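Understanding the architecture of this molecule
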Amino acid sequence: MYRKALNKLVEWKSSSRRKPLVLRGARQVGKTWLMKEFGRLYYEKTFYFSFESDTELAKIFAVNKEPDRIISLLGTIKNDKIEKEKHLIIFDEIQECPNALNSLKYICEEANEYHVIAAGSLLGTLLAEPMSYPVGKVNLLNIYPMDFEEFLGAVNPTLLKYIEETPAEEIISVQHTKLIEQYHDYLIVGGLPECVASWSEEKNSGVVLQIQKELLSSYENDFSKHNKKINAGRILLVFRSLVTQLSKKNEKFIYGCVKEGARAREFEVAVEWLVSAGLVIRIFDVKKPELPLKAFEDFSSFKLFFFDVGLAKCAAEVENKQIILDSDFQFKGALTENYLLQQFHANLDNDIHYYSPSQNYEIDFLLQNEMQIIPVECKAGGNVASASFKRYRREEKPDCAIRFSTLEYKEQDDMINLPLYLADRIQAGFIKVV
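Below is a short write-up of the structure.

About the criteria used
- Residues numbered from 1 in each chain as written.
- Predicted model: local features only at pLDDT ≥ 70, side-chain atom pairs only at ≥ 80, totals over all residues.
- Heavy atoms only, no water.
- Buried < 20%, exposed > 50% of the residue type's maximum accessible area, 1.4 Å probe, protein only.
- Helix = DSSP H or I, 4+ residues; strand = E, 2+ residues; numbered from the N terminus.
- Pairing = 2+ DSSP bridges.
- Right-handed = clockwise from strand over helix to strand, strands pointing away.
- Contact = heavy atoms within 4.5 Å.
- Axes fitted to C-alpha atoms, helices over the stretch in contact; angles between N-to-C directions.
- Parallel < 35°, antiparallel > 145°, perpendicular 65-115°, else oblique.
- Nonpolar A, V, L, I, M, F, W, Y, C, P; charged D, E, K, R; others polar.
- Core = buried A, V, L, I, M, F, W, Y, C linked by side-chain atoms within 4.5 Å.
- Arc of directions from axis to C-beta.
- Polar contact = N/O pair within 3.5 Å; in protein donor to acceptor, adjacent residues only side chain to side chain.
- Phe/Tyr/Trp six-rings, centres within 6.5 Å; stacked < 30°, edge-to-face > 60°.
- 1 Å grid on protein atoms, 1.4 Å probe; cavity = no way out; pocket = protein on both sides within 12 Å on 5 of 7 lines; lining within 4 Å.
- Points joined across faces, edges and corners; volume = space filled by probe spheres on them.

Notes on the pairing of strand 11 (residues 402-405)
Where burial is concerned, the two faces of strand 11 agree: the one with I402 and F404 and the one with R403 and S405 are both buried. As defined by bridge partners, strand 10 (residues 372-378) adjoins strand 11 across 3 bridges and the pair is classed as parallel. Bridge pairing in strand 11 links V376 to I402. You can see the chain leave strand 10, run along helix 18 (residues 387-396) and come back into strand 11, and the turn it takes is right-handed. Pairing geometry for strand 11 and strand 13 (residues 416-419), over 4 bridges, is parallel.

Written out as structure tokens, the structure is:
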């Protein structure tokens, strides 16, 4: 599979600031595959250790954290010698052995010539806790589900090559139609590698749906397995309320939708756990559309989205027919916003916000690019009228405004219409429309 994160791993390998690397991300986003593929492509040998499948490995780290001793013993277990620079050491499911996580600090300080990558399920929740973990002694890399370009690379590489080589304004109508069809497929399949691989091989949406249902169930099972002091029942209630929250005209998260009479103090820790686990994406409202946006965040006003649009579609029980035929249904707008946010989340370094100063006035997303604030309007189909977006452009006069829709690329007086399949053209270097 084509994963952009491989490029970041290559940068890490040659960086003068290289430290042991910790991959963070929800379960099943492809962390294990990435680590093994990276080792296969860029190292002479890879030494893979899973603390979940081999629980006795923890004994090595229980005695002391002396790096040379640990690495020598790990090599002996594999009947080989681990060499500096040439070999890659992988610690998978490292959350099962806190001592191994803590040992990364000493590897950084005393044996940084060894290349070490670690990952684990719900590792973000572990790193968020006040415990003895290697603060400042590791590099961190967030891993997300496959974005639309990565999905296209897996299912239709010829079409991916076309949009990579073709300026946005030169995409012809025939190819535009094909790309919109692929975008609809992405809404159904999502970006989790197992679902994408299944779709690429079989093109059977029923099999993909079954995988998604199993994944949702396994995530819910993780709540009780990893919640520790946090009430697992409350995490489950928040997670299961997401469809209801996003189905409202105003998608702002309301604690009363989780449970009648619920208050923030009862469920805010559960929300934080889901965000740290990478299972939901949270965006805050801003009180003013001014720089820097983060300074104007309203912590009492936020939205929660699924970390993968395919899981959102599955949880909401949206029929494939409704997506393919581009029909109107209650969850259509929320599903499209979830898709866009997923692309932004994977490709932008800055936080994403929204702006809702009143009940009938809302901008779907605000993106900050250095000294620019870019309003983004999300339209699920070809009906692109929006009083709020028009008002914002009139009152705030942004240098750049973007509307995403199923329409073809078009530059207008004070805005750009981008087809939804070009959402990941908004990258760290910011908008690349041509």
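Examining the sheet that holds strand 9 (residues 361-369)
A sheet is described by the order of its strands in space; here 8 strands give the open sequence 7-6-8-9-10-11-13-12, paired in mixed fashion. With one partner strand each, in any of the chains shown, strand 7 (297-306) and strand 12 (410-411) form the two edges of the open sheet. Here strand 6 (residues 280-286) runs beside strand 7; their pairing, made up of 7 bridges, is antiparallel. Bridging from a neighbouring strand, I283 pairs with K303 of strand 7. Here helix 14 (residues 264-276) sits on the sheet in contact with strand 6 and strand 7, set at roughly 115° to strand 6.

Overview of unusual backbone geometry
Of note, the bond from L291 into P292 is cis; its omega dihedral lies within 30 degrees of zero at -15°. Looking at the secondary structure, you find P292 in the loop between strand 6 and strand 7. The phi dihedral of Q28 is positive, around 75°, even though this residue is not glycine. The topology assignment puts Q28 in the loop between strand 1 (21-24) and helix 2 (31-42). Residue E93 is not a glycine yet carries a positive backbone phi of 50°. Structurally, the position occupied by E93 is in the loop between strand 3 (87-92) and helix 5 (98-110). The buried category is assigned to E93, whose relative accessible area is 12%.

What to know about the packing of helix 9 (residues 173-189) against helix 17 (residues 332-347)
The relative placement of two packed helices is expressed as an angle between their axes plus a distance between the axes. It is the contact of helix 9 with helix 17, at a shortest axis distance of 11 Å, that shows an interaxial angle of 90°. Relative to helix 17, the element helix 9 lies roughly perpendicular. Mapping the contact onto sequence places Y183, Y186 and L187 in helix 9 and L335, T336, Y339, Q342 and Q343 in helix 17. When the residues that make up the contact of helix 9 with helix 17 are grouped by side-chain class, the tally is 5 nonpolar, 3 polar and no charged.

As for the nonpolar core
Counting residues in hydrophobic clusters, the biggest one holds 106 residues, and the most contacted among them are L279, Y339, F344 and F404. Every residue in contact with Y339, bar those within four places of it in the chain, is listed here: F148, Y183, Y186, L187, V309, L420, Y421 and A423. Within the second largest apolar cluster, 25 residues are counted, among which are I71, C97, Y114 and L123.

Description of helix 1 (residues 5-14)
All of the buried residues in helix 1 are A5, L6, L9 and W12. Looking down the long axis of helix 1, one finds its buried residues gathered within 110° of arc, a one-sided arrangement. Among the exposed residues of helix 1, those pointing more than 90 degrees away from its buried face are E11 and S14. Where helix 1 is buried, its residues touch strand 1, helix 2, strand 3, strand 4 (115-119), strand 5 (139-142) and helix 7 (148-155).

What to know about the side chain of E297
Relative to the elements of secondary structure, E297 occurs in strand 7. For E297, a relative accessible area of 9% corresponds to the buried category. Within polar-contact distance, the side chain of E297 engages the side chain of H353 at 2.8 Å. Excluding anything up to four places from it in sequence, E297 contacts F284, D285, V286, K287, D351 and H353.

Remarks on the packing of aromatic side chains
Across all of its chains, the model carries 25 aromatic pairs by this definition. Measuring from ring centre to ring centre gives 5.7 Å for F61 and F91, while their planes differ by 90°; the resulting arrangement is edge-to-face. In this pair, F61 sits in helix 3 (residues 58-63) while F91 sits in strand 3, placing the two residues 30 residues apart along the sequence. As far as the burial class goes, F61 and F91 line up, both buried. Their ring planes at 75° and their centres at 6.2 Å tell us that Y355 and Y392 sit as a pair that is edge-to-face. Of this pair, Y355 sits in strand 8 (residues 353-358) while Y392 sits in helix 18, and the two are 37 residues apart along the sequence. The class for Y355 is buried, based on a relative accessible area of 8%.

Details of the environment of E37
By the secondary structure assignment, E37 is in helix 2. Owing to a relative accessible area of 16%, E37 belongs among the buried residues under this scheme. E37 sits 245 residues away from R282 along the chain, and the two C-alpha atoms are 31 Å apart.

Examining the layout of surface pockets
Estimates place the volume of the second largest pocket at around 930 Å³. If you trace the second largest pocket, you find 33 residues lining it, with K249, G333, E337, D364 and K379 closest to the centre. Only helix 13 (242-247), helix 17, strand 8, strand 9, strand 10 and helix 18 provide two or more residues apiece to the lining of the second largest pocket. Broken down by element, the residue count for the lining of the second largest pocket peaks at 5 residues, all from helix 17. Classifying every residue of the lining of the second largest pocket by side-chain character gives 8 nonpolar, 14 polar and 11 charged.

Some remarks on the packing of helix 12 (residues 232-240) against helix 14
Where helix 12 contacts helix 14, the two axes come as close as 9 Å, and the packing angle between them is 75°. In terms of axis orientation, helix 12 runs roughly perpendicular to helix 14. Contacts between helix 12 and helix 14 pair R234, I235, L237, V238 and F239 from the former with E266, F267, A270, V271, W273 and L274 from the latter. Classifying every residue of the contact of helix 12 with helix 14 by side-chain character gives 9 nonpolar, no polar and 2 charged.

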